[in-house]
Amino acid sequence: MTVMDDWVTAACAQLGLDPAEVPVPTVLDLARDVAHQVLRPGAPVSAYLLGVAVGRGADPADAAARLSDLAATWPVELGGDRPD
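It should be emphasised that the depicted structure is a prediction, and the values quoted were computed from it without experimental measurement. (Residues numbered from 1 in each chain as written. Predicted model: local features only at pLDDT ≥ 70, side-chain atom pairs only at ≥ 80, totals over all residues. Heavy atoms only, no water.)

A. View of the overall build of the protein chain. A tally of helices and strands in the protein chain yields four helices and zero strands. Along its sequence from the N terminus, the protein chain presents helices and strands in the succession α-α-α-α. Each of the three principal axes of the protein chain carries a C-alpha extent, and together these read 40 × 30 × 15 Å. The burial tally for the protein chain puts 19% of its 84 residues in the buried class. Relative to all contacts within the protein chain whose residues are 6 or more apart in sequence, the contacts with residues 24 or more apart total 48%. When the accessible surface of the protein chain is summed, it comes to about 5,900 Å², and 62% of that surface belongs to carbon and sulfur atoms. Positive and negative charge centroids in the protein chain, built from 5 and 12 side chains respectively, lie 7 Å apart. (Helix = DSSP H or I, 4+ residues; strand = E, 2+ residues; numbered from the N terminus. Buried < 20%, exposed > 50% of the residue type's maximum accessible area, 1.4 Å probe, protein only. Contact = heavy atoms within 4.5 Å. Areas by Shrake-Rupley, 256 points an atom, 1.4 Å probe, with all protein chains shown as cover. Lys, Arg positive; Asp, Glu negative; His and termini not counted. Charge placed at Lys NZ, Arg CZ, Asp CG, Glu CD.)

Right, dumping it as structure tokens:
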């Protein structure tokens, strides 16, 4: 197991969730996309929004892809952390 696996397992135990239902790579990819294409503080907020959407019945992969697509098309002049 990795430290991430250990963390997810422990966090899920605290929240009464099944670690097998946590799409870690999907969440990390979304966080990366938002952090690099929009702004860093948007990454955890976007992960939270993904969780809310999934909690309300959205497909995790679809919702993450939609947010990543939004980040990819975010106007440069509105982003805060993009390199020139």
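B. Representation of the nonpolar core in the model. Within the largest apolar cluster, seven residues are counted, these being L30, V34, V38, L50, A63, A64 and A71. Listing elements by their share of this core, those giving two or more residues are α2 (24–37) and α4 (60–72). Residue contributions to this core peak at three residues, all from α4. Each residue touching A63, except ones within four places of it in the same chain, is listed here: L50 and A58. (Core = buried A, V, L, I, M, F, W, Y, C linked by side-chain atoms within 4.5 Å.)

C. Looking closely at the pattern of salt bridges. Per the stated rule, a full pass over the model turns up three salt bridges. Linking D33 and R32 is a salt bridge whose minimum nitrogen-to-oxygen distance equals 3.0 Å. Measuring nitrogen to oxygen at the nearest pair gives 3.9 Å for the salt bridge that ties R66 to D62. Of this pair, R66 and D62 both sit in helix α4, four residues apart, roughly one helical turn. Residue R66 is classed as exposed on the basis of its relative accessible area, which comes to 58%. Taking the relative accessible area as the measure of exposure, D62 reaches 40% and is therefore partly exposed. Through salt bridges with shared partners, a single ionic network connects D29, R32 and D33. (Salt bridge = Lys/Arg side-chain N within 4 Å of Asp/Glu carboxyl O.)

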